[in-house]
Amino acid sequence: MVKTFTNRLNDSAFPILVLSYSILMMHYVFSRAFRDSLLGSRLPVSDLPALTVLGTLLAITLSLTCSFFLRSNARIYAVRSFYMLNAVAELIIAVQYQAHSWMLKAYYIEVSASTAIGLSLIWVLIGDWTSNCN
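Here, residues in each chain are numbered from 1, in the same order as that chain's written sequence. With pLDDT at 70 or above as the cut-off, local features in this predicted model cover only qualifying residues; side-chain atom pairs require 80 or more to be listed or tallied, and sums for whole chains, interfaces and linings still use all residues. The basis for the side-chain values is all heavy atoms of the structure; hydrogens and waters are excluded.

Next up on the list: the overall build of the chain. For the purposes of this entry, the term helix denotes a DSSP run of H or I that reaches at least four residues, the term strand denotes a run of E that reaches at least two, and both are numbered from the N terminus. Counting secondary structure elements, the chain contains four helices and zero strands. The order of helices and strands in the chain, counted from the N terminus, is α-α-α-α. Any two residues whose heavy atoms approach within 4.5 Å at even a single point are treated as in contact. Within the chain, residue pairs in contact and separated by at least 24 positions form 82% of the contacts whose partners lie at least 6 positions apart. Computed by Shrake-Rupley with a 1.4 Å probe, the accessible areas treat only the displayed protein chains as cover when residues are assessed. Carbon and sulfur atoms make up 69% of the accessible area of the chain, which totals about 9,100 Å².

In structure tokens:
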């Protein structure tokens, strides 16, 4: 009853693929929860409109930039680069947030923008993977 797919990945790659996508999705869910908890503990709620607008503008800018690179044959590299830059930005914020008070606002904006783009890029990766199935 279960139809098996053959692809350029070996048979053991599918569980790793599902696990990595699950971890990526958990990262986005938890980062949004951490972002929202900043409002009650460290950021004033009055900053919310400005942070939301900045996050939206960053998401639109990143979306347009990513869509330009996703039209090329090297789109897998564009997606990987986005995830790597996102990880580096979050690491810098995690290390420097106590030294610079504005880093918490930067985290709020970064999570807002990266979640919007990052979740869309997961579907690009899944589409590429399924299109390589025979």
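So, about the packing of helix α3 (residues 75-96) against helix α4 (residues 103-131). At a closest axis distance of 10 Å, the pairing of α3 and α4 adopts a crossing angle of 155 degrees. Classified by the interaxial angle, the pair formed by α3 and α4 is roughly antiparallel. The way α3 lies across α4 gives a crossing that is left-handed. In this analysis, axes come from line fits to C-alpha atoms, helices being fitted only over the stretch in contact, and the angle between any two N-to-C directions falls in the range 0 to 180 degrees. When an angle is under 35 degrees it counts as roughly parallel; over 145 it counts as roughly antiparallel; between 65 and 115 it counts as roughly perpendicular; any other value is oblique. Rotating anticlockwise by less than a right angle from the far helix to the near helix defines a left-handed crossing, while the corresponding clockwise rotation defines a right-handed one.

Next up on the list: the nonpolar core. The definition of a nonpolar core used throughout is a set of buried Ala, Val, Leu, Ile, Met, Phe, Trp, Tyr and Cys residues joined through side-chain atoms within 4.5 Å. Exposure categories follow from relative accessible area, calculated using a 1.4 Å probe and restricted to protein chains: below 20% of the type maximum is buried, above 50% is exposed, and the middle band is partly exposed. Of all hydrophobic cores here, the largest spans 14 residues; its most connected members are Val 79, Phe 82, Tyr 83 and Leu 121. Contributing elements (two or more residues each) for this core: α1 (13-41), α2 (48-70), α3 and α4. It is α4 that provides the largest number of residues to this core, a total of five residues. Not counting residues within four places of it along the chain, the set of residues in contact with Leu 121 comprises Leu 70, Val 79, Phe 82 and Tyr 83. Membership of the second largest hydrophobic core comes to eleven residues, among which are Leu 38, Leu 51, Ile 93 and Tyr 108.

On to the side chain of Thr 115. Turning to its location among the elements, Thr 115 is positioned in helix α4. For Thr 115, the contacting residues outside a window of four places in its chain are Tyr 28, Ser 31 and Arg 32.

This part takes up the packing of aromatic side chains. The criterion for an aromatic pair is that two Phe, Tyr or Trp rings (for Trp, the six-membered ring) have centres within 6.5 Å, with stacked assigned to planes under 30 degrees apart, edge-to-face to planes over 60 apart and tilted to the rest. A full pass over the atoms with the stated rule returns three aromatic pairs. Judged by centre distance (5.3 Å) and plane angle (75 degrees), the rings of Phe 68 and Phe 69 are edge-to-face. Judged by relative accessible area, Phe 68 falls into the exposed class, the value being 55%. For Phe 69, a relative accessible area of 44% translates into the label partly exposed. Above the plane of the ring of Tyr 108 lies Arg 35, whose end atom (NZ or CZ) is 4.8 Å from the centre. A ring is scored as having a charge over it whenever the NZ atom of a lysine or the CZ atom of an arginine sits within 6 Å of its centre and within 35 degrees of its normal.

What follows covers the side chain of Asn 86. Here Asn 86 lies in helix α3. Beyond its immediate chain neighbours, meaning those up to four positions away, Asn 86 contacts His 27, Tyr 28, Glu 110 and Ser 114.

With that settled, the discussion passes to the packing of α2 against α3. Their axes nearest at 8 Å, the elements α2 and α3 cross at an angle of 150 degrees. If you check the angle between α2 and α3, you find them roughly antiparallel. When α2 is examined against α3, the residues Leu 62, Cys 66, Phe 69 and Leu 70 are found in contact with a partner set consisting of Arg 75, Ala 78, Val 79 and Phe 82.

With 23 residues, α2 ought to run about 33 Å at 1.5 Å a step, and its terminal C-alpha atoms sit 32 Å apart, in line with that. Residues Leu 51, Gly 55, Ala 59, Cys 66 and Leu 70 constitute the buried set of α2. Those residues of α2 that are buried are in contact with α3 and α4. A helix's residues, less one, multiplied by 1.5 Å, set its expected span.

A separate point is the pattern of salt bridges. Salt bridges are counted wherever a side-chain nitrogen of Lys or Arg sits within 4 Å of a carboxyl oxygen of Asp or Glu. Under the definition given, this model contains two salt bridges. Between Arg 35 and Asp 36 there is a salt bridge, with the nearest N and O atoms lying 2.7 Å from each other. Given a relative accessible area of 39%, Asp 36 falls into the partly exposed group. Two residues, Lys 105 and Asp 47, come together in a salt bridge whose shortest N-O distance is 3.2 Å. Here Lys 105 is found in helix α4, whereas its partner Asp 47 is found in the loop between α1 and α2, with 58 residues between them in sequence. A relative accessible area of 35% means that Lys 105 is categorised as partly exposed.

Any functional reading would require information that these geometric values do not contain.
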